Amino acid sequence: MKPVEIKKDIFWVGAVDWNSRDFHGYSLSPRGTTYNAFLVKDEKITLFDTVKSDFHDELLCSIAQACEGTPRLDYIVVNHLEPDHAGCLDRIVERFRPEKIFCSPMGEKALRSYYHHSQDWPVVVVPTGTSISIGKRTVQFIETRMLHWPDNMISYIPEDKIAFSSDAFGQNWASNERFVDEVDSHALDTALGDYYANIVLPYSPVVLKTLDALAGMNLDIDMLCPDHGLIWRGKDAVAHALDSYRQYALQKPTKKAVIVYDTMWHSTEKMARAICDGLSDEGISVRIMSVKHNHHSAVMREVFDAAAVLVGSPTHNNGILPMVADVLTYMKGLRPQNKLGAAFGSFGWSGECVKIITEHLTGMGMEMVEPSVKVKNLPSHETYQACYELGKKVGAAINAKLSA
Ligand code: FEO
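First, a word on what this report is: a plain description of the structure on this page.

Attention shifts here to the environment of Ala-272. With respect to the element layout, Ala-272 can be found in helix 8 (residues 267–280). Dropping the residues within four chain positions of it, Ala-272 is found in contact with Ile-259, Tyr-261, Ile-288 and Phe-344.

Given below as structure tokens:
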């Protein structure tokens, strides 16, 4: 890859992973992704983050080009230790022998446990409030613990009004474009929301605190550079990224419900459709998502801004079907807030499905709308009516909640 000069003497030296589809091992990335690293040419040539180890050679090539053939790194700033950003740190340290490696206090702990042979590395811990000089520029550090790991931090260069924000404000977006203003804004927002719903959502309270802290520091930012995806260029774009994160973190529900289900012989599926009719008659926008046809991260993207989650499964071996359990486990980890819940399903003999689903949803703090609906073998006319009524009841509860 060619480096891209994003500001005078500041270069994007990252890598584009066009083929990434399984982001971080658990979430879909249908557009691929990028691993962004940045090089600042000042008295101390400083690299901010590295790339996934598969792309080490590309990083070396970009550093060499940005340094016009005589590659040198004096400082390395490690904003995040996750292996897609620090995966080739050891090889980069080995090759360039930097004078200093900067990371957050939690970053140092992560660094020592990833790189067991790092005892002689010149690591300097930079808690929030620390700043360093790299020549004409200073770099200020702001820890953003749990956004998305304990070690994350933001590095800010006031002279250039640029912030390297690590996971925050990223998107999975492989392209030859580098800036958000070069692509379709609607698709960009979708990608930003996807990333938030699947990576950042559980840390929404930290997002709100970080946004407040950034506002309190009065940082003048006109370029925001996340570790994944496109760069936010210009004050309007930066404000859009910050505002979007505030809205996401508040988790205000919209007039929307998601019905998630799996089915063996189509009874639970038919129940899902009858529930949808009830919701529709209350004016609710509904997504019916079979877990066989929708990856758990696609389900989560829809659950993210929905007001209600209705989950259905047949009873299977005294439990629920495994793919429903997968979605519920994934959803619980992402800690969605402010949701109504409902359960439904079919059974042949023991019939635990509704009880188990209810336990999962209440375990996530969802307020259950009752009565849930359970049917032995095939739904009858009465079952469809009960499902329709459940949909109506959830729809009415959504309307009441949104108008409260
Ligand atoms: Fe791709 Fe938490 O990093």
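This part takes up unusual backbone geometry. Along the chain, Glu-370 connects to Pro-371 via a cis peptide bond; the corresponding omega equals 0°. Although it is not a glycine, Met-146 sits at a positive phi angle of roughly 65°. Within the secondary structure layout, Met-146 lies in the loop between strand 13 (138–143) and strand 14 (153–157). Take Met-146: its relative accessible area is 30%, and that puts it in the partly exposed class. Positive phi, close to 50°, is recorded for Arg-335, a residue that is not glycine.

In this structure, strand 1 (residues 4–7) lies alongside strand 2 (residues 10–12), joined through 3 bridges in antiparallel fashion. Each residue of the ladder has a partner; that of Val-4, found in strand 2, is Trp-12. Taking the residues between adjacent antiparallel strands as the criterion, strand 1 and strand 2 are bridged by 2 residues, where Asp-9 takes a positive phi near 65°.

Moving on, we get to the sheet that holds strand 16 (residues 223–226). With mixed pairing, 6 strands are arranged side by side in an open sheet as 12-13-14-15-16-17. What marks the edges here is a single partner per strand, and that holds for strand 12 (131–133) and strand 17 (232–233). Judged from the 3 bridges that link them, strand 12 and strand 13 form a sheet pairing that is antiparallel. Bridged to Ile-132 within strand 13 is Val-139.

Thresholds applied
- Residues numbered from 1 in each chain as written.
- Predicted model: local features only at pLDDT ≥ 70, side-chain atom pairs only at ≥ 80, totals over all residues.
- Heavy atoms only, no water.
- Helix = DSSP H or I, 4+ residues; strand = E, 2+ residues; numbered from the N terminus.
- Contact = heavy atoms within 4.5 Å.
- Buried < 20%, exposed > 50% of the residue type's maximum accessible area, 1.4 Å probe, protein only.
- Pairing = 2+ DSSP bridges.

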